[in-house]
Amino acid sequence: MDKLSFVGKSLPRKDALIKVTGRAAYADDREFAGMLYAAAVRSPRPRIKILAISDAKARGIPGYVTLVTYKDIKGVNKWPVVMQDYPFLPEKEARFAGETVALVVAQTAAAAKAAARLVEVKYRELPFIEDPLKALEKDSIKIYGKDNIISSFVIKKGAVDKAFDNAAYVVEGEFSTNYQVHAYLETQGAIAVPETDGGVTVHSSTQCPFYILDAVAAALGLPYHKVKILQTVTGGGFGGKEDVPALVASHAALCAAKTGRPVKLIYGRKEDFQSMSKRHPGWARVAYGADKKGRLTACRVKYVLDGGAYATLSPIVLWRGTVHAAGPYKIANVSIETYAAATNKVPCGAFRGFGQPQICFAQESLIDELAAKIGMDPVEFRLKNMLAPGDKTVTGQKINSSCGLKELVRTVRKRSGWDKKTQNSKLKTQNSAGIARGLGFSATYYGVGLGAKGRYLDRAGALVNIYKDSSVCVNVGNTEMGQGALTVLAQIAAETLNAPYESVRVEEVDTSKVPDSGPTVASRTTLMSGNAIIDAAGPLRERIFKTAFDLLVLKGARASGPMTAARGVFSMGGKSVTFREVTAECWNRRHKMSEQGWYAAPRTTFKMEDGQGDAYVIYSYSADAAEVEVDLKTGVTKVLKIWAAYDVGKIVNPRLATGQAQGGILQGMSWALYENLVYKNGIMVNPNFTDYVLATTADKPEYDITFLEKPYAGGPYKAKGMGEVPLIGVAPAVANAIANACGARVRSVPLLPEKVWKELKK
């Protein structure tokens, strides 16, 4: 890997210029002749029986065009996502406040919103549930199936009860976490444009164009070849643009189908808060047991997610949380049971970490408590029990050589000065102003890709086309949403073809150009699309390299010498030719200069019955240490510095990887300390950035970030994936640091000052 020309280099972002100059065209920037505008009519209460919907008053708004209800759906009124329980538009019952019950179309966006406010929904309120634990009680009212359970999983290994009976040390605790709002800069939006053949083209801000293809085709009753999805420049996603853009796009498409004109639907921030997916609130009861030598012997977990009113991605999110629920440790006896419970609140879905940060907060907090009970240093305790190559996870999966977890922990331990700072249990730097400092640690692992639960979607396609002027165009099915995919994938294409990086362009997704490549989630884009590009570029590389060799011989190079290829130049025996010259000759020879590629993740062996088997193909790893200051008078916590180390395989672009890490750390710190979405009587009370507090750049801690590359043989240039791991371990590291600073063990996220203060007063 030392001889790589483009992979492993901090090359400039492909989309930097259009974004810093304001030329990037987001969904709301696109205009079409004759375009109309849509706005949603939303349920005002947590659960209602819809009696009638009237647009009589709305018709008085100048520019009003029409009302769209479920009666206008020509296809099936079921959004095709996992459980298919979510109607595009409800017919009789709306299940959460903010659910779209109808749509208004008008000549202008302002007219559409004004008219939507005048649409009258006659309804009768129904009893509702907002507490997921109460939803699971036997005598609870039933809002979802027979038991309000959307999904559940188990992992069974060894003899757990006996192991706890024999344990020398046992700790147990209950933990909870709140919502997290994606807070992408660009709200949800889509434009649907009717085509002359009866089809439709949808322009959407999304990280999963093929989910939209499924949904629009279903809602309109159209065959797939009459539906085209074009991804617009996407202003952030973090999982919030995985599933729900399909709902927004389908609504725009229904409006376009009824009116026969292009229709734009752009969400305001408040309705985006109220109706789009969030990180699931979580509750967990976790217990660990250890023997006299400090070896983990048992783990028992009950983990519940608040799924909200419809399933959407809850089964997938819950499954990932289930697999990772015991932490990155060797434990012989494990019992894990998990549930996604239905409530009458906004449906929750994907968010960076995908069900793992919630349970990681519980497990890594409790690991510190167990270490303290045993009398061991928490880092030393982790190292003693941590997974290493050859060990087996709680699902029985053998960890392969691409695992640098112990090295990560030792690196963070050294760089943070852990041993010196935590001597005598705490920093003991409480000053005269009542400010105490503390240091906390956490370690995580993360299954890259969709794993066993999502294996049928775990594939990706690519189209590589080399033009006569030697420029290269790459189409893939995974999206750029700010993470740097266009750049990283261009580097992989350039490296494989020996094409100058500047000559490679990766386009936003067009579903008519590449096969369904699954979602852009779970740190899978570099791995899946990268491998698909290499598969497509392979035959092209063979033709290009053979032609380059021929040209060099014609130039007088001795054929017996080795040919080298670097930075877009082919050299041999003192002679050289450029990529441009070689591809021109390829065209002269009428070689095929376009190829498709395909990559499907290797099969996994996980069994849902007992939770045993290989859950994922490969794992990424992280370790974090957080240093905090706690005001002992108020409980206010400030994160001063976070040391983090990651094993995500080969780093394709170090600068972008560092940016990913910094963003993930800040997002994790924001969830840990500040973000507090509040529901009261089934109504979201702070759906805005005034009352929902986020960390900003002014709050960012000092970063110390290290990458340790443990190559993965199955990855493109031995890369794995890194989008998720920077966030997952931050909250428990901060919580452990607070406990280290002042003894306050807070068991619920966010770690608000009043919670810290309350613990201090105990």
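Just so it is clear, the model here is predicted, and its values are computed rather than measured. (Residues numbered from 1 in each chain as written. Predicted model: local features only at pLDDT ≥ 70, side-chain atom pairs only at ≥ 80, totals over all residues. Heavy atoms only, no water.)

Chemist: Would you mind going over the sheet that holds strand β20 (residues 564-566) with me for this structure?
Modeler: Strands pair in a sheet through their backbones, by hydrogen bonds, and they do so in one of two ways: parallel or antiparallel. Pairing is antiparallel in the open sheet, where 3 strands are placed in the order β20-β21-β22. Across the chains shown, the open sheet's two edge strands, defined by having one partner strand only, are β20 and β22 (575-578). Across this sheet, the average inter-strand angle for adjacent strands is 20 degrees, counted without regard to direction. As judged from the 4 bridges shared by strand β21 (residues 569-572) and β22, these two strands associate in the antiparallel manner. Across the sheet, the residue bridging to Ser571 is Ser576, located in β22. Strand contacts of helix α15 (residues 579-588): β21 and β22, with the helix running at about 70 degrees to β22, the strand carrying the most contacts. (Pairing = 2+ DSSP bridges. Helix = DSSP H or I, 4+ residues; strand = E, 2+ residues; numbered from the N terminus. Axes fitted to C-alpha atoms, helices over the stretch in contact; angles between N-to-C directions. Contact = heavy atoms within 4.5 Å.)

Chemist: How should I be thinking about the packing of helix α9 (residues 356-374) against helix α18 (residues 730-742) in this particular structure?
Modeler: Think of two packed helices as two axes; the pair is described by the angle between the axes and how far apart they sit. Between α9 and α18, the shortest axis-to-axis distance is 8 Å and the interhelical angle comes to 35 degrees. The two elements α9 and α18 meet at a crossing, and its hand is right-handed. Contact residues: Cys360, Phe361, Glu364, Ser365 and Asp368 in α9; Ala731, Pro732, Ala735 and Asn736 in α18. Of the residues belonging to the contact of α9 with α18, the class tally is 5 nonpolar, 2 polar and 2 charged. (Left-handed = near helix turned anticlockwise from the far one by under 90°. Nonpolar A, V, L, I, M, F, W, Y, C, P; charged D, E, K, R; others polar.)

Chemist: For this particular structure, what's the right way to read the packing of aromatic side chains?
Modeler: Counted according to the given criterion, the structure contains 14 aromatic pairs. Plain terms: the ring middles of Tyr86 and Tyr310 are 4.0 Å apart, the flat faces sit at 15 degrees to each other, and that makes the pair stacked. Remark: Tyr310 occurs in the loop between β14 (296-308) and α8 (314-323) and Tyr86 occurs in the loop between β3 (64-68) and β4 (93-94); sequence separation between them is 224 residues. Each member of the pair, Tyr86 as well as Tyr310, carries the same accessibility label: buried. Measuring from ring centre to ring centre gives 5.8 Å for Tyr646 and Phe707, while their planes differ by 40 degrees; the resulting arrangement is tilted. Pair noted here: Tyr646 is in strand β25 (residues 637-647) and Phe707 is in strand β28 (residues 702-707), with a separation of 61 residues, a long-range link. (Phe/Tyr/Trp six-rings, centres within 6.5 Å; stacked < 30°, edge-to-face > 60°. Buried < 20%, exposed > 50% of the residue type's maximum accessible area, 1.4 Å probe, protein only.)

Chemist: Looking at this structure, how should I read helix α6 (residues 245-259)?
Modeler: Since there are 3.6 residues in each turn of an α-helix, residues three or four apart along the chain are aligned in direction. Here α6 is 15 residues long and its end C-alpha atoms lie 21 Å apart, about the 21 Å a rise of 1.5 Å per residue gives. Most of α6 is tucked away: 12 of the 15 residues are buried. Of the residues flanking the end of α6, it is Gly260, one or two places downstream, whose phi is positive at about 75 degrees. (Expected span 1.5 Å × (residues − 1).)

Chemist: How do you make sense of the pairing of β21 when you look at a structure like this?
Modeler: Of the two faces of β21, only one is covered, namely that formed by Phe570 and Met572; the face formed by Val569 and Ser571 stays uncovered. Across 3 bridges, the pairing between β20 and β21 is antiparallel. Along β21, the bridge assignment pairs Ala566 with Val569.

Chemist: Honestly, the state of the cysteines in this entry has me stumped. Any pointers?
Modeler: A covalent bond between the sulfur atoms of two cysteines is referred to as a disulfide. Evaluation of the coordinates by the stated rule reveals 0 disulfides. With no disulfide of its own, Cys299 lies closest to Cys360 among cysteine sulfurs, the gap being 13 Å. On the basis of relative accessible area, Cys299 is assigned to the buried category, the value being 0%. Classification of Cys360 by relative accessible area gives buried; the value is 0%. (Disulfide = S-S within 2.5 Å.)

Chemist: It is not clear to me how the pairing of strand β18 (residues 472-476) should be interpreted in this structure. Could you clarify?
Modeler: Walk down a regular strand and you will see the side chains alternate between the two sheet faces. Counting buried positions over the 5 residues of β18 gives 5, a clear majority of the element. Here β18 shows no split at all, with Val472, Val474 and Val476 on one side and Cys473 and Asn475 on the other all buried. Note: strand β17 (residues 459-466) against β18, 5 bridges, orientation antiparallel. Residue pairing across strands places Ala462 opposite Val476, the latter belonging to β18. Where β18 lies against strand β19 (residues 504-506), 3 bridges are found, and the strand directions are parallel. If you follow Val474 over to β19, its bridge partner there is Val506. Between the parallel elements β18 and β19, the chain passes through helix α13 (residues 485-497) in a crossover that is right-handed. (Right-handed = clockwise from strand over helix to strand, strands pointing away.)

Chemist: So what exactly am I meant to see when it comes to the side chain of Ser365 here?
Modeler: Position of Ser365 relative to the elements: it lies in helix α9. Look at Ser365 and you get buried, because its relative accessible area is 0%. Once residues lying within four places of it in the same chain are set aside, the contact partners of Ser365 are Phe175, Cys360, Pro732, Ala735, Asn736 and Arg745.

Chemist: Before we go on, may I ask you to explain the environment of Leu489 in this structure?
Modeler: Structurally, Leu489 can be placed in helix α13. Each C-alpha atom, one on Leu489 and one on Val248, is 28 Å from the other, the two residues being 241 residues apart in sequence. In contact with Leu489, not counting residues within four places along its chain, are Val476, Val506, Thr525, Thr526, Ser529, Gly530 and Ile533.

Chemist: How do you make sense of the environment of Arg279 when you look at a structure like this?
Modeler: With respect to the secondary-structure elements, Arg279 resides in the loop between α7 (269-275) and β13 (282-290). The sequence separation of Arg279 and Trp418 amounts to 139 residues, and the corresponding C-alpha distance is 32 Å. A polar atom in the side chain of Arg279 sits 2.9 Å from the backbone oxygen of Arg352. (Polar contact = N/O pair within 3.5 Å; in protein donor to acceptor, adjacent residues only side chain to side chain.)

Chemist: In this structure, what is going on with the pattern of salt bridges? I would like to understand it.
Modeler: Enumeration over the complete set of coordinates arrives at 42 salt bridges. Between Glu702 and Lys641 there is a salt bridge, with its nearest N and O atoms 3.4 Å apart. In this pair, Glu702 is assigned in strand β28 and Lys641 in strand β25, connecting sequence segments 61 residues apart. Take Glu702: its relative accessible area is 46%, and that puts it in the partly exposed class. In this structure Lys641 comes out as buried when scored by relative accessible area, which is 17%. Connected through salt bridges with shared partners, the residues Arg13, Asp15, Lys19 and Glu480 form a single ionic network. (Salt bridge = Lys/Arg side-chain N within 4 Å of Asp/Glu carboxyl O.)

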